[in-house]
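Below, each chain spelled out in residue letters.
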Amino acid sequence: MTTQPERVQAPVCTLGEGPVWDGRDQSLYWVDILESRVHRMAADGSFSSWDTGQPVGAVVPRASGGLVVAVRDGFMALDPASGTLTTLAEVEKDQPGNRMNDGSCDRAGRFYAGTMAFDESPEAGALYRLDPDLSVTSLLTGVGTSNGIGWSPDDRLMYYIDSQAHRVDVFDYDPATGQIGGRRPFKAVGEGDVVPDGLTVDADGGVWVAVWEGYALLHHDPDGQLIETVDLPAARVTSCVFGGPDLDRLYITTAAGPGESGGALFVCEPGVTGQPSHPFRG
Ligand code: CA
């Protein structure tokens, strides 16, 4: 059973998003998309942050060192020591009304991340995959707001959220090639302004979905049945990830908005463990 989420005394974000756990040094990274910031909480509880110069939708550790960020104009390497940004691959740079949004790496270290229009124009977004050879493949077009991405523990399924569809979808996923297919609905979430945002998949295959304007995180079993609802004192719950030495702490990001703690970082112990976050292997 999930413990009550506790607020972490971390920097408060305008649009906190995209938490990822770096098991190498037991640190948590997350982004403040609209403030163009990457934040880090180290194992000793200290905080650091970096300016990405453009809105940043996602951050992942890089196996060869440093970080990779998905920013407005594409994928960039971020050297935490110097703060230097280096373009790895441009994505929709010719579409200034679009920016990259949520993303995550699979077990092979491929970085999947999507795009959306700043003004949330329908079908303006897409989903991309950055492979370790730094090539970019377009996987989906006509996406509204490309958001949470995660994989089943057996690497047979990829879960995916287009927030504007009010739905979590699931694809068949080939771990050898990174190809996806057979898209189908997994779970409908919300209506109107209440939409699914980020997600994580736990070690039992449970699918945790952050609900924007929903004050909640929803825990589903692998069949899509709602197991429990974790309530939060912030309307805009944006994403979550498991961390800690035993991957038994669930970190939850939020955005500024209704509720007493919008933009804060939270942690709870759900009584299940997560899958490790994977680094980009390029
Ligand atoms: Ca998001």
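Everything below is about the structure shown above.
These numbers come from a predicted model, not from an experiment. (Residues numbered from 1 in each chain as written. Predicted model: local features only at pLDDT ≥ 70, side-chain atom pairs only at ≥ 80, totals over all residues. Heavy atoms only, no water.)

(A) Structural view of the packing of aromatic side chains. Applying the stated criterion to the full structure yields nine aromatic pairs. Seen from their ring centres, Trp21 and Tyr251 are 6.0 Å apart, and the 10 degrees between their planes marks the pair as stacked. Of the two residues, Trp21 sits in strand β2 (residues 16-22) while Tyr251 sits in strand β23 (residues 249-255), which places them 230 residues apart along the sequence. The exposure class of Trp21 is buried, given its relative accessible area of 6%. For Tyr251, a relative accessible area of 5% corresponds to the buried category. Measuring from centroid to centroid gives 6.0 Å for Trp208 and Phe242, while their planes differ by 80 degrees, and the two rings are edge-to-face. Taken together, the positions of Trp208 in strand β19 (residues 207-212) and Phe242 in strand β22 (residues 236-243) put the pair 34 residues apart, joining distant regions of the chain. (Phe/Tyr/Trp six-rings, centres within 6.5 Å; stacked < 30°, edge-to-face > 60°. Helix = DSSP H or I, 4+ residues; strand = E, 2+ residues; numbered from the N terminus. Buried < 20%, exposed > 50% of the residue type's maximum accessible area, 1.4 Å probe, protein only.)

(B) Structural detail: empty space enclosed by the protein. Under the defined criterion, the tally for this structure stands at one cavity of 30 Å³ or more. As a volume, the largest cavity reaches approximately 390 Å³. Every residue lining the largest cavity is counted, 28 residues in all, and those nearest its centre are Ser104, Ile149, Trp151, Thr200 and Ser277. Of all the secondary structure elements, the ones that give two or more residues to the lining of the largest cavity are β2, β6 (56-61), β10 (98-105), β14 (146-151), β18 (195-201) and β22. Broken down by class, the residue content of the lining of the largest cavity amounts to 13 nonpolar, eleven polar and four charged. (1 Å grid on protein atoms, 1.4 Å probe; cavity = no way out; pocket = protein on both sides within 12 Å on 5 of 7 lines; lining within 4 Å. Points joined across faces, edges and corners; volume = space filled by probe spheres on them. Nonpolar A, V, L, I, M, F, W, Y, C, P; charged D, E, K, R; others polar.)

(C) Geometry of the nonpolar core. Counting 17 residues, the largest nonpolar core has Ala70, Phe75, Phe111 and Phe280 as its most contacted members. Listing elements by their share of this core, those giving two or more residues are β6, β7 (67-71), β8 (74-78), β9 (85-90), β10, β11 (111-117) and β12 (125-130). In terms of residue count, β12 provides more of this core than any other element does, three residues in total. Within the second largest apolar cluster, 15 residues are counted, among which are Tyr29, Val31, Val71 and Ala255. (Core = buried A, V, L, I, M, F, W, Y, C linked by side-chain atoms within 4.5 Å.)

(D) A look at the sheet that holds strand β5 (residues 47-51). With antiparallel pairing, four strands are arranged side by side in an open sheet as β2-β3-β4-β5. With one partner strand each, in any of the chains shown, β2 and β5 form the two edges of the open sheet. Taking the axes of each pair of neighbouring strands and ignoring which way they run, one obtains an average angle of 20 degrees across the sheet. Of the pairings in the sheet, the one linking strand β3 (residues 27-32) to strand β4 (residues 37-41) comprises five bridges and is antiparallel in character. Bridge pairing in β4 links Val31 to Val38. (Pairing = 2+ DSSP bridges. Axes fitted to C-alpha atoms, helices over the stretch in contact; angles between N-to-C directions.)

(E) Looking closely at the coordination of the calcium ion. The calcium ion binds to the protein through Glu17 (OE), Glu17 (OE), Asn147 (OD1) and Asp197 (OD); the donor distances cover 2.1 to 2.9 Å. As a motif over one chain, the donors of the calcium ion read E-x129-N-x49-D. Residue Asn147 is located in strand β14, and its partner Asp197 is located in strand β18; the two are separated by 50 residues in the primary sequence. Across the pair, Asp197 and Asn147 agree in class, each one buried. (Donors = N, O, S within 2.8 Å, 3.2 Å for Na, K, Ca; no water.)

(F) Molecular detail of the sheet that holds strand β15 (residues 157-162). Read from one edge of the open sheet, four strands run β14-β15-β16-β17, paired in antiparallel fashion. Either end of the sheet is taken by a strand with one partner, and the two such strands are β14 and β17 (180-188). Taken pair by pair, the neighbouring strands of this sheet meet at an average axis angle of 25 degrees, ignoring direction. Where β14 and β15 come together, four bridges link them in antiparallel fashion. Looking at β15, one finds that Trp151 is bridged to Met158.

(G) How the structure looks around the pattern of salt bridges. Under the defined criterion, the tally for this structure stands at eleven salt bridges. Taking the shortest distance from any N to any O, the salt bridge between Arg129 and Asp131 comes out at 2.9 Å. In this pair, the class of Arg129 matches that of Asp131, namely buried. Asp172 is the salt-bridge partner of Arg184, the closest N and O atoms lying 3.1 Å from each other. Of the two residues, Arg184 is situated in strand β17 and Asp172 in strand β16 (residues 167-173); the sequence distance between them amounts to twelve residues. The network of salt bridges with common partners includes Arg167, Asp169 and Arg183. (Salt bridge = Lys/Arg side-chain N within 4 Å of Asp/Glu carboxyl O.)

(H) Fine view of the pairing of β14. For β14, the tally of buried residues reaches six of six residues, placing the bulk of the element in the interior. Remark: five residues form the turn of the hairpin made by β14 and β15, two consecutive strands paired antiparallel; Asp155 in that turn has positive phi of roughly 60 degrees.

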